[in-house]
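# Architecture at a glance
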Amino acid sequence: VFINTYMDFRGGTVLWICKHTSVIQISNEITIKDNLYQNESINQNQESSTNLIHLSPVVKINDISVGNLFYDGAWQKPIKGMYWKHNDSLWANATHTDIKKCYQSAKKGLKTWSNISINARVQKFVLAAMVEKWIKFAYLYKNIQGYIENEMIEVLFTRKALDVIILRQENENILFFRLMQTLIAGNSVIVIFDANFCNPSSYYDMFSKCGMPPGVINLLSHENISTLESKLYGNYTMYANRYFLKGTSLDAYIGSFKNLTTPKVITIPLQ
């Protein structure tokens, strides 16, 4: 019986420890639109909207719900203190600076989250019953595959997270299905909404309690969602079609998982 104490066995995956290891990474990084950092004016007319309210630190609001932005793992007041009214509630009206801060939060969260194993990512959602039926799909891609070439090189194939993904949906079920697909693939997320789209803010405290690292899940709101869209990706339908397949079937999950990750090839000399 031969036992190599330098070999790490993890759930069927064999990781070879070797001094000389080269990694070939095929990049497919998402690029958030350049004008996020070029145009500081998010909406020249936003201050004149009759539906906007400015809340100063000394103003007290009684009998009304106030919803803030969420990034860096905490609720954040909008930089300019502007809120829009909807259904007897006030929601943060994100400015250009808010969007930049949120995106920077998501990039930091991506660095942490993408380096966590799929098993560990799944464990963060075990307490959330709504995702139990989707968790099993993640294990389809948890193992590294590979082969020996010419008895000299070990070639391993795996996948890594893509980047920050933006989500916007009218239907809550679709939103959460895509949220779990994106997170289990190792990406960080920014969910955006206005009065016409699903507002998942009531779930964010639950995600924090599940041990989600800061910056992995973020939230932006604005009176007019097209303002956020123009800063982040442009046409959302075209954007979403790049990564998500319709439906919640096994094939839809596998196809989306591939779109939400990028291949990585690791070559390890055996001699």
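Up top is the structure.
Residues numbered from 1 in each chain as written. Predicted model: local features only at pLDDT ≥ 70, side-chain atom pairs only at ≥ 80, totals over all residues. Heavy atoms only, no water.

## What to know about the packing of helix H4 (residues 172-184) against helix H8 (residues 250-259)
This is how the line gets drawn: Lines are fitted to the C-alpha atoms to define the axes, a helix being fitted only along its stretch in contact, and any angle between axes, read from their N-to-C directions, falls within 0 to 180 degrees. In this text, helices come from DSSP runs of H or I with a minimum length of four residues, and strands from runs of E with a minimum of two, each type numbered from the N-terminal end. By definition in this entry, angles of less than 35 degrees are roughly parallel, angles greater than 145 are roughly antiparallel, angles of 65 to 115 are roughly perpendicular, and the rest are oblique. What makes a crossing left-handed is the near helix being turned counterclockwise from the far one by less than a right angle; a clockwise turn instead makes it right-handed. When checking whether two residues touch, look at their non-hydrogen atoms; a contact exists if any pair is within 4.5 Å. All residues other than Ala, Val, Leu, Ile, Met, Phe, Trp, Tyr, Cys, Pro, Asp, Glu, Lys and Arg, Gly among them, are scored as polar; the first ten of these are nonpolar and the last four charged.
In contact at an axis separation of 10 Å, H4 and H8 are set at 45 degrees when each is read in the N-to-C sense. On the basis of the axis angle, H4 is oblique to H8. In the crossing of H4 with H8, the sense of the turn from one axis to the other is right-handed. For the pair H4 and H8, contact is made by Phe177, Gln181 and Ile184 and by Ala252, Tyr253, Ser256 and Phe257, respectively. Looking at the contact of H4 with H8 residue by residue, the class counts come to five nonpolar, two polar and no charged.

## Here's the deal with the nonpolar core
Quick reminder of the rule: Grouping buried Ala, Val, Leu, Ile, Met, Phe, Trp, Tyr and Cys residues that are joined through side-chain atoms within 4.5 Å yields what is termed a nonpolar core. Relative accessibility decides the category of a residue: with a 1.4 Å probe and only protein chains considered, values under 20% of the type maximum give buried, values over 50% give exposed, and everything between is partly exposed.
Counting 59 residues, the largest nonpolar core has Ile166, Leu167, Leu179, Ile190, Ile192, Phe207 and Leu220 as the members making the most contacts within it. For this core, the element with the most residues is H4, which contributes seven residues. When sequence neighbours within four positions are dropped, the list of residues in contact with Ile192 reads Ile166, Leu167, Arg168, Leu220, Ile225, Leu228, Glu229, Leu232 and Tyr233.

## Concerning the pattern of salt bridges
Basically, it comes down to this: By convention in these notes, a salt bridge is any Lys or Arg side-chain nitrogen within 4 Å of a carboxyl oxygen on Asp or Glu.
Throughout the structure, instances matching the rule amount to three salt bridges. The salt bridge partner of Asp72 is Lys108, with a shortest N-O separation of 3.6 Å. One end of the pair, Asp72, is in the loop between strand E6 (69-71) and strand E7 (74-76); the other, Lys108, is in helix H1 (residues 96-113), and 36 residues separate them in sequence. According to the relative accessible area criterion, Asp72 is partly exposed, its value standing at 35%. Between Arg168 and Glu229 there is a salt bridge, with the nearest N and O atoms lying 2.5 Å from each other. Highlighted residues: Arg168 in the loop between strand E12 (164-167) and H4 and Glu229 in helix H6 (residues 225-232), separated in sequence by 61 residues. For Arg168, a relative accessible area of 15% corresponds to the buried category.

## As for unusual backbone geometry
The residue Asp72 is not glycine, and still its phi comes out positive at about 55 degrees. If you check the backbone angles, Asp88 has positive phi at about 60 degrees while not being a glycine. You can see Asp88 is positioned in the loop between strand E8 (82-86) and strand E9 (89-92).

## Here's the deal with the packing of aromatic side chains
Put simply, the rule reads: Only Phe, Tyr and Trp rings take part, Trp by its six-membered ring, and two of them pair if their centres are within 6.5 Å. Stacked means planes under 30 degrees apart, edge-to-face means over 60, and tilted covers everything else.
Tallied over the entire structure, the rule returns eleven aromatic pairs. Consider the rings of Trp91 and Phe193, whose centres lie 5.8 Å apart with planes at 85 degrees: the pair is edge-to-face. Here Trp91 is found in strand E9, whereas its partner Phe193 is found in strand E13 (residues 188-193), with 102 residues between them in sequence. For the pair shown, Trp91 and Phe193 are each scored as buried. Taken together, the ring pairs in this structure connect Phe70, Trp75, Tyr204 and Phe207 into an aromatic cluster.

## As for H6
What sets the pattern is the α-helix's 3.6 residues per turn: residues three or four places apart point alike. Counting buried residues along H6, six of its eight residues qualify, which places the element largely inside the surrounding structure. All of the buried residues along H6 are Ile225, Thr227, Leu228, Glu229, Lys231 and Leu232. The elements touched by buried residues of H6 are H1, E12, E13, strand E14 (217-221) and helix H7 (236-241). Two residues or fewer after H6 comes Gly234, characterised by a positive phi angle close to 90 degrees.

## So, the pairing of E9
Worth spelling out the cut-off: Two strands are said to pair when DSSP picks up at least two bridges between them.
In E9, alternate side chains face the same way, and those of Ser89 and Trp91 on one face and Leu90 and Ala92 on the other are all buried. By the bridge criterion, three bridges tie strand E5 (residues 65-67) to E9 in an arrangement that is parallel. Its bridge partner being in E9, Ser65 is matched across the sheet by Ser89. Note that E8 and E9 share four bridges and pair antiparallel. Paired with Trp84 across the bridge in E9 is Trp91. Turn length for the E8-E9 hairpin, with the two strands adjacent in sequence and antiparallel, is two residues, and the turn residue Asn87 shows positive phi of about 50 degrees.

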